[in-house]
Amino acid sequence: MRQLVHREVLFEQESEASGLHAVIDGEIRIHRLVRSGSQFMMGIIRPGEWTGFLSCLDGLPHSYAGIGQSATKVFTVPRDSVLRIFERDVPTFRLLLEPELVISRKLSRHLTDLSTRSLAQRVASRLSELGRWAYSEDEGPITPLKQISQEELAASVGATRQRVNAILRDFQSREFLKLGYGSIVILNAEALESFASAD
C-alpha cells in the first residue's frame, strides 16, 4: 500500500515494469510525453480501477506515466506475483486481460476520430471518455471532471486551449455541460455523445 501526495509520480514513462496498481482512494492521471514536450492525458484511473497490466504481461517499460492527483492511496501487486497468478489461474488471467482489450478498442476508435471527426466532436468524445471508468464501454453516468485544465484537454485532442475554450463555451450554451473553476460537469451525456457520433 502506498500513499501519494498531489502530483507524485507512481511510475515514470519508460521506467521498468512496476506491477499492477489499484487505486483505493483519489485518482491516477495517465499521461504520455510527446515529441513536442507536452503531455497527452490518456485517461483517469479512479477507485476500484487498475493500471500497469500491459507492462506486467510483456515486461517492457511503461509506455506512459502514472501521476497521483491530490492525495491518492494505491495498492500494488508486484509483477512477479502477477505473473504467478496468471500462470496458475487462466480464468483470472482472462478476467484481467479484458480491460486491456477494451482500451485497445478505444484507442482504435480514437485514431479513427482524429481523421474523421471535427474538433468539436473530438472534444465531446474525449469528455465522455475521461468521465467514465477507463475500462468500460460508453454507458452509465459521467463523473464530473475536476482539476482538469483546458490546456490538458486541448493537448489530448491536438488543439489549442483557445479553440477548446470556445467549444466548451458553446457546449455550455447548449446545456451539454456546466463549466466551473477547474471543473467540467456533464449535464446531458446523451446529447453530448449524440453530438460526438453524428455523421
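Asker: Could you clarify how one ought to interpret the sheet that holds strand β7 (residues 145-146) in this entry?
Answerer: The pairing of strands in a sheet comes from backbone hydrogen bonds and takes either a parallel or an antiparallel form. As summarised here, the arrangement of the three strands in space is β7-β9-β8, forming an open sheet in which the pairing is antiparallel. Two strands in the sheet have a free side with no partner beyond their single neighbour: β7 and β8 (177-180). By the bridge criterion, two bridges tie β7 to strand β9 (residues 183-186) in an arrangement that is antiparallel. Bridging from a neighbouring strand, Leu145 pairs with Ile184 of β9.

Asker: Please explain helix α6 (residues 161-173) as it appears in this structure.
Answerer: For an α-helix, the turn length of 3.6 residues means that residues three or four places apart are oriented alike. End to end, α6 covers 18 Å across 13 residues, agreeing with the expected 18 Å (1.5 Å per residue, within 8%). Taken together, the buried positions of α6 are occupied by Val164, Asn165, Ile167, Leu168 and Phe171. Down the axis of α6, the buried side of the element spans an arc of 165°, and every buried residue falls inside it. For α6, the exposed residues lying more than 90 degrees away from the buried face are Gln162, Arg163 and Ser173. Elements that come into contact with the buried residues of α6 comprise α4 (119-130), α5 (150-157), β8, β9 and α7 (189-197).

Asker: Help me understand the packing of α4 against α6 in this model?
Answerer: A packed helix pair is summarised by two numbers, namely the angle formed by the two axes and the spacing between the axes. Interhelical geometry of α4 versus α6 gives an angle of 75° and a closest axis separation of 10 Å. Classified by the interaxial angle, the pair formed by α4 and α6 is roughly perpendicular. Listed contacts from α6 to Leu119, Ala120, Val123, Ala124 and Leu127 of α4 are Arg163, Val164, Ile167, Leu168 and Phe171. Broken down by class, the residue content of the contact of α4 with α6 amounts to nine nonpolar, no polar and one charged.

About the cut-offs
Residues numbered from 1 in each chain as written. Predicted model: local features only at pLDDT ≥ 70, side-chain atom pairs only at ≥ 80, totals over all residues. Heavy atoms only, no water. Pairing = 2+ DSSP bridges. Helix = DSSP H or I, 4+ residues; strand = E, 2+ residues; numbered from the N terminus. Expected span 1.5 Å × (residues − 1). Buried < 20%, exposed > 50% of the residue type's maximum accessible area, 1.4 Å probe, protein only. Arc of directions from axis to C-beta. Contact = heavy atoms within 4.5 Å. Axes fitted to C-alpha atoms, helices over the stretch in contact; angles between N-to-C directions. Parallel < 35°, antiparallel > 145°, perpendicular 65-115°, else oblique. Nonpolar A, V, L, I, M, F, W, Y, C, P; charged D, E, K, R; others polar.

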